Amino acid sequence: MQINQIINELGKESLGELIKVSTLINSSLDLSEILTHVMELTNRLLNCEASSLLLLNEKTNELSFKTATGEKAQDMKAFNLKMGQGIAGWVAQKEKAVIIPDVEKDPRHFSQADSKTGFKTKSILCVPMKAKGQLIGVLEGINKKENLVFDEADLSLASILADQAATAIQNARVYEELQQDHENLKKEVRPKQTLVGKSKIIQDILKMAGRAAQGDSTLLIRGKSGTGKEMLARAIHQLSPRSNKPFVCVTCSILTQTLLESELFGHEKGAFTGADSRKIGRFEMADGGTLFLDEIGTLAPETQLRLLRVLQDKEFERVGGRETIKVNVRIIAATNEDLEKGIQENKFREDLYYRLKVIEIFMPELKDRSEDIPILAQHFLEIYSREMARPVKGISKEAIEILRNYHWPGNVRELKNTIERSVVLGSSEYIVSEDLTTEIRHPREGATSLPSREGPSQLPSGNTLEEAEIRHIQEILVKTNGNKSKAAELLGISRNRLDRKLAGIKPAAK
Ligand SMILES: Nc1ncnc2c1ncn2[C@@H]1O[C@H](COP(=O)(O)OP(=O)(O)OP(=O)(O)O)[C@@H](O)[C@H]1O
Ligand SMILES: [Mg+2]
């Protein structure tokens, strides 16, 4: 349509409105934001009670209500129309705009929607939406206000609006695809992090993780700081059919309750002070993928309740919003806190606890799987010597023994940092004991790699004489706070003999 023709038909005021519309719609690349703008503008420009936008799904050849405004907007979203079904389906099939002043008299009217929503449709104006000649959906204005009827001027306005909307929607879709491609490329380029460990306990965990990855059950990963909880969560995502969708992390402890809720669920503009635009939450970002909720034990009671609802219904509202958002997200939560104690003290909801721990995995402390220390150390050595372009050939036997005997309160993270430090500061071809800190070389009395009184114990449970002997030795070592000389004395054997027996429990480094 020529500008002059538009001015003649619509008047200068409407043209001004249309220019504003065009700027507004084209200012965003966010699909849901564009849809919301288009709906608001349709209502305003056509002066009607409600409006609907239906997008064509090319695979199913059906039209689905994307955003519907007006009182019954939520109910409308439940409907899908086939090509040719209802007035919208007819418009899509014929690619022709229509004005229906009295829908009751029109045989094409899809009355089911009205009877289900209780909304009375009186008049409709419906136009096809096309981008580059391709039909992408239809736009409807419903019930002209003040008992008026839709006219040709409304039809022109709606057609221009529909064209603008179609282009903006197509652009947003292309942008989304590009962003997704970009993310996938980044993932491919990023070196894969491997979860290293040959101990039986880590191997068992990996097997369990592999099986768990195939399903959608919620997972709870527990363990002390630095034991590899996040790493395991990422590994599960990578092994799962969701691996080409996002893995999104939220650390529940670092934000205030309001900010955390807005981070998780998003917020509408003006939901609270400082919310000056709409924000998409992590749940929405993770749609199709995995959401990792770290430090879940720190959630405030109200947030626990909201989370419980999402876990149950797979839907939520943005903070300050009324629109219900459905998501398909796999939840993996992690904590190093004693949730059971939290329940007893009424700090953690029991129902949420059971929802989360459908599958529960405990990450053992490094000191309880010291046979993994040499290969982990070697693994980190390779990473850092490559990263820092400093060729280090290996770790001396003596240094490995020291690493194995240390109690690693910071677990794998501490070992990783130790190796990084040694690679940076060491001067020889090998990492030697002198490259390690005094704390690691001479741990305080009582701090050894042996089982602690509390926490998971790796004591063998069998009945053979050998197993009973190991159990007895370890119990004595706990009694003596890890002092091997005292333990040897109590056991009535030499210190050397005790060392040999301990070497049998934890095979020496290769
Ligand atoms: N089995 C493993 N193999 C290789 N690297 C590991 C392993 N376990 C942990 N790491 C590394 O150790 C560091 C700490 O791991 P991660 O962040 O997963 O621990 P976490 O249990 O989540 O700790 P926190 O409770 O402190 O958040 C990370 O850099 C991770 O890459
Ligand atoms: Mg972590």
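Observations regarding the overall build of the chain
Moving on, step 1. Secondary structure summary: the chain contains 20 helices and 17 strands in total.
Moving on, step 2. Burial status across the chain gives 45% buried among its 510 residues.
Moving on, step 3. Looking at the chain alone, contacts between residues at least 24 apart form 67% of all its contacts between residues at least 6 apart.
Moving on, step 4. As displayed, the chain offers around 26,900 Å² of accessible surface, 50% of which is attributable to carbon and sulfur atoms.

What to know about the packing of helix α9 (residues 257-265) against helix α11 (residues 301-313)
Moving on, step 1. Interhelical geometry of α9 versus α11 gives an angle of 15 degrees and a closest axis separation of 10 Å. Taken together, α9 and α11 sit at an angle that is classed as roughly parallel. Every pair of crossing elements has a handedness; the one defined by α9 and α11 is right-handed. Packed against α9, whose contacting residues are Q257, L260, E261, L264 and F265, the element α11 presents E302, T303, R306, L307 and V310 at the interface.
Moving on, step 2. A class-by-class count of the residues in the contact of α9 with α11 yields five nonpolar, two polar and three charged.

Comments concerning the pairing of strand β14 (residues 330-335)
Moving on, step 1. Counting buried positions over the six residues of β14 gives six, a clear majority of the element.
Moving on, step 2. Going residue by residue along β14, you find R330, I332 and A334 tucked away on one face and I331, A333 and T335 tucked away on the opposite face as well.
Moving on, step 3. One ladder, built from four bridges, connects strand β7 (residues 219-222) with β14; its direction is parallel. Bridge pairing links I221 to A334 in β14.
Moving on, step 4. The sheet contact formed by strand β11 (residues 290-294) and β14 spans four bridges and is parallel. Within β14, the position partnered with L291 by the bridge is I331.

Considering the site of ligand 1
Moving on, step 1. By nearness alone, 18 residues border ligand 1, and V196, S225, G226, K229 and K416 come closest of all.
Moving on, step 2. In the environment of ligand 1, a nitrogen atom lies 2.9 Å from a nitrogen or oxygen atom belonging to the backbone of V196.
Moving on, step 3. Here G226 contributes a backbone N or O atom positioned 2.9 Å from an oxygen atom of ligand 1.
Moving on, step 4. Considered on its own, ligand 1 offers 630 Å² of accessible surface; in the complex 89% of this is hidden by protein.
Moving on, step 5. Mapped by element, the contributors of at least two residues to the shell around ligand 1 are α8 (229-239), α14 (373-387) and α16 (411-425).
Moving on, step 6. A domain-level breakdown of the shell around ligand 1 finds at least three residues from each of domain 2 (211-362) and domain 3 (366-449).

With respect to the nonpolar core
Moving on, step 1. Judged by nonpolar contacts, the single largest core of 32 residues is most densely connected at I25, V38, L53, M129, L139 and I169.
Moving on, step 2. Listing elements by their share of this core, those giving two or more residues are α1 (3-26), α2 (31-46), β1 (48-57), β5 (124-131), β6 (134-144) and α6 (152-189).
Moving on, step 3. Take this core: its biggest share by element is eleven residues, from α6.
Moving on, step 4. Formed by 29 residues, the second largest nonpolar core is a distinct cluster that contains F316, V327, A333 and L339.

Quick word on the confidence of the model for the chain
Interpreting fine coordinate detail is not advised for predicted regions of low pLDDT.
Moving on, step 1. In the predicted model, the chain carries a mean pLDDT of 86, and the fraction of residues at 70 or more is 87%.
Moving on, step 2. Confidence drops under pLDDT 50 across residues 449-459; counting only partners more than four residues distant or on other chains, this segment forms 26 contacts.
Moving on, step 3. This stretch, residues 506-510, has a pLDDT under 50; its non-local contacts, to residues over four places away or in other chains, come to 13 contacts.

Describing the side chain of S433
Moving on, step 1. Its place among the elements puts S433 in the loop between β17 (430-431) and α17 (438-441).
Moving on, step 2. Judged by its relative accessible area of 4%, S433 falls in the buried class.
Moving on, step 3. Within polar-contact distance, the side chain of S433 engages the side chain of E398 at 3.4 Å.
Moving on, step 4. Sequence-distant contacts of S433, that is, excluding residues within four places in its chain, are made with S396, E398, A399, I402 and R441.

Thresholds applied
- Residues numbered from 1 in each chain as written.
- Chains lettered and ligands numbered in written order.
- Predicted model: local features only at pLDDT ≥ 70, side-chain atom pairs only at ≥ 80, totals over all residues.
- Heavy atoms only, no water.
- Helix = DSSP H or I, 4+ residues; strand = E, 2+ residues; numbered from the N terminus.
- Buried < 20%, exposed > 50% of the residue type's maximum accessible area, 1.4 Å probe, protein only.
- Contact = heavy atoms within 4.5 Å.
- Areas by Shrake-Rupley, 256 points an atom, 1.4 Å probe, with all protein chains shown as cover.
- Axes fitted to C-alpha atoms, helices over the stretch in contact; angles between N-to-C directions.
- Parallel < 35°, antiparallel > 145°, perpendicular 65-115°, else oblique.
- Left-handed = near helix turned anticlockwise from the far one by under 90°.
- Nonpolar A, V, L, I, M, F, W, Y, C, P; charged D, E, K, R; others polar.
- Pairing = 2+ DSSP bridges.
- Near = heavy atom within 4 Å.
- Polar contact = N/O pair within 3.5 Å; in protein donor to acceptor, adjacent residues only side chain to side chain.
- Domains from an automatic or database assignment.
- Core = buried A, V, L, I, M, F, W, Y, C linked by side-chain atoms within 4.5 Å.
- pLDDT = per-residue confidence, 0-100.

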